Amino acid sequence: MSAEPAADVAVVGLGGLGSAAACWAARMGARVVGLEQFPLGHDRGGSHDHSRLIRLAYHHPDYVRLAATAYDVWGEVERAAGEQLVHLTGGIDMFGPDAPLGRDVYAAGMIEGGAEVELLTGADVSSRWPQLAPPGDVPALAHARAGFIASERATAAHQRLAREAGAQLQDGCAVTAVRPSGRDLLVEAGGRTIRCRSVILSAGAWLNELLEPLGASLPLTVSREQISYLAADDLDRFRPDRFPVWIWHGARTYYGFPAFGERAVKAAEDQGGPEVTARTRSFDPDPEATARLHRFVSELVPGLGPPVLTKTCLYTMTPDRDFVISALPRHPGIVAAVADGHGFKFASLLGRMLAEISLGRTPSPDLERFRADRPALAPGRDPSPARV
Ligand SMILES: Cc1cc2nc3c(=O)[nH]c(=O)nc-3n(C[C@H](O)[C@H](O)[C@H](O)COP(=O)(O)OP(=O)(O)OC[C@H]3O[C@@H](n4cnc5c(N)ncnc54)[C@H](O)[C@@H]3O)c2cc1C
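What counts and what doesn't
- Residues numbered from 1 in each chain as written.
- Predicted model: local features only at pLDDT ≥ 70, side-chain atom pairs only at ≥ 80, totals over all residues.
- Heavy atoms only, no water.
- Helix = DSSP H or I, 4+ residues; strand = E, 2+ residues; numbered from the N terminus.
- Domains from an automatic or database assignment.
- Contact = heavy atoms within 4.5 Å.
- Buried area = accessible area lost by both parts, 1.4 Å probe.
- Salt bridge = Lys/Arg side-chain N within 4 Å of Asp/Glu carboxyl O.
- Polar contact = N/O pair within 3.5 Å; in protein donor to acceptor, adjacent residues only side chain to side chain.
- Near = heavy atom within 4 Å.
- Areas by Shrake-Rupley, 256 points an atom, 1.4 Å probe, with all protein chains shown as cover.
- Nonpolar A, V, L, I, M, F, W, Y, C, P; charged D, E, K, R; others polar.
- Buried < 20%, exposed > 50% of the residue type's maximum accessible area, 1.4 Å probe, protein only.
- Pairing = 2+ DSSP bridges.
- Axes fitted to C-alpha atoms, helices over the stretch in contact; angles between N-to-C directions.

Draft legend 1. Spatial organisation of the environment of Pro 363. Along the polypeptide, Pro 363 turns up in the segment after helix 8 (347-358). Distance from Pro 363 to Gly 172, taken between C-alpha atoms, is 30 Å for residues 191 residues apart in sequence.

Spelled out as structure tokens, the structure:
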């Protein structure tokens, strides 16, 4: 007679998504065990640093609606945690002539998704935000419901709320295997075996290490990305109430924030880093990429100077750049999570969806595009991530 499960849900990996999943599963009344291989809040995965963009500016209405719901869920977390996590600043998207998808595609997706959009030229942008100096004729769009999330604080808040709801979170505890055992699952970690009803694998760039022994690997690409904080000639001009979040869409896509968390201003290139593995990646920033960013930003945002701090971070990307929030087809008690390089803004909502699936409920929303058995993830498909 097998032992009674010690937990309803085991969450493997307590980064942005796993911490949210542990929080929501515990708040739904489940007995939750959360396991993290490194210290909580570490800087080796995909969720560290002070801020992450949140916005409605997506090219597909599914994501526009998802982002609108994400705001509501963050609001619930803020109230429960008694802390502001989302900072609205307004957002500007600018579309270079070599943008993979043009402004009209984004505008159409946003309008269909129910978002308000304002179409501008580069000259309009500069007159409204003199800190920004795009070419006068560049197409741009502005929307009010954009800004940033205090990401490290948000993850810590999810962990705190999870513990307050009874979850047991343990760090410095690497999971070495997940094995089916009858209608339960056995999780091997830190020299012990935990029996549970379901497992959420929110292991980010390490996910396939746990999926492979289950014969359930996914075509994922891990890249080492970097963000830089640039010196500002007058930091006050870049305060969140004076400077929006921005994105430049081009063959190379760049994005930036107001001043937050450091006495400098953050900017970065999206999907500009080399393919790596989570175990072999370097933590040293790429000087060429740093110089490339500096060159670009010094033209678009003339008030910003050289980078004073650069951090590296990991993207885990699917071929179609859609998330994976799904039970595994051949292991229904195991739920996989992949947040790609754009998932933090949805972290609390995706965490809630992971908790719902792990407890046998239909996730809300229930999106086909996040299924693990979708065609784009089929074995043998080209894993190279799309540029969006
Ligand atoms: C540079 C950069 C900028 C980004 N900017 C944005 C943005 O502006 N807006 C946005 O929405 N998104 C953004 N993202 C994406 C977003 O941050 C990620 O999608 C999200 O944080 C990923 O969270 P995660 O929990 O899936 O992964 P992670 O945070 O990496 O968590 C996975 C965790 O699992 C643990 N783990 C792995 N294997 C094991 C094991 N065997 N046992 C125990 N623990 C294990 C790891 O140690 C890690 O803590 C950005 C990402 C990067 C890298």
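Draft legend 2. Representation of the domain arrangement of the protein. If you check the domain split of the protein, you get domain 1 (3-46 + 152-217 + 320-377) and domain 2 (91-144 + 221-317). Computed over C-alpha atoms only, the centres of domain 1 and domain 2 are separated by 30 Å. Domain 1 puts 14 residues into the contact, and the matching count from domain 2 is 13 residues. Regarding the contact of domain 1 and domain 2, the summed buried area is about 1100 Å², with carbon and sulfur atoms giving 50% of it. The largest contributions to the domain 1 side of the interface with domain 2 come from Arg 44, Ala 205 and Arg 321, which together make up 36% of the buried area. Our count for the contact surface shared by domain 1 and domain 2 stands at 1 salt bridge. In this structure, Arg 279 engages Glu 209 in a salt bridge whose closest nitrogen and oxygen atoms are separated by 2.7 Å. Viewed at the interface, domain 2 and domain 1 are joined by 6 residue pairs in polar contact (both at pLDDT 80 or more).

Draft legend 3. Inspection of the site of the ligand at higher detail. Around the ligand sit 36 residues in total, of which Glu 36, His 42, Ser 47, Leu 53 and Cys 313 are the nearest. Take Arg 52: an N or O atom from its side chain is 2.8 Å from an oxygen atom of the ligand. Note that an oxygen atom of the ligand is positioned 2.8 Å from one of the backbone N or O atoms of Lys 345. Surface burial for the ligand is 96%, taken as the share of its 1000 Å² of free accessible area covered by protein chains. For the shell around the ligand, the element with the most residues is strand 17 (residues 304-317), which contributes 3 residues. Taken together, the residues of the shell around the ligand break down into 18 nonpolar, 13 polar and 5 charged.

Draft legend 4. Expanded view of the side chain of Thr 155. Relative to the helices and strands, Thr 155 is located in helix 5 (residues 151-164). Under the relative-accessibility criterion, Thr 155 is labelled buried at 9%. Apart from residues lying up to four places away in sequence, Thr 155 is in contact with Leu 14, Gly 15, Gly 16, Ser 19 and Phe 344.

Draft legend 5. Here's a closer look at the sheet that holds strand 8 (residues 147-150). The antiparallel open sheet is built from 3 strands, whose spatial order is 3-8-4. Only two strands of the sheet have a single neighbouring strand rather than two, namely strand 3 (51-54) and strand 4 (86-88). When strand polarity is set aside, the average angle formed by the axes of neighbouring strands in this sheet is 30°. Lying over the sheet, helix 2 (residues 61-81) contacts strand 3, strand 4 and strand 8, oriented at roughly 125° with respect to strand 4. Contacts between helix 5 and the sheet are confined to strand 3 and strand 8, with strand 8 contributing the most and set at about 45° to the helix.

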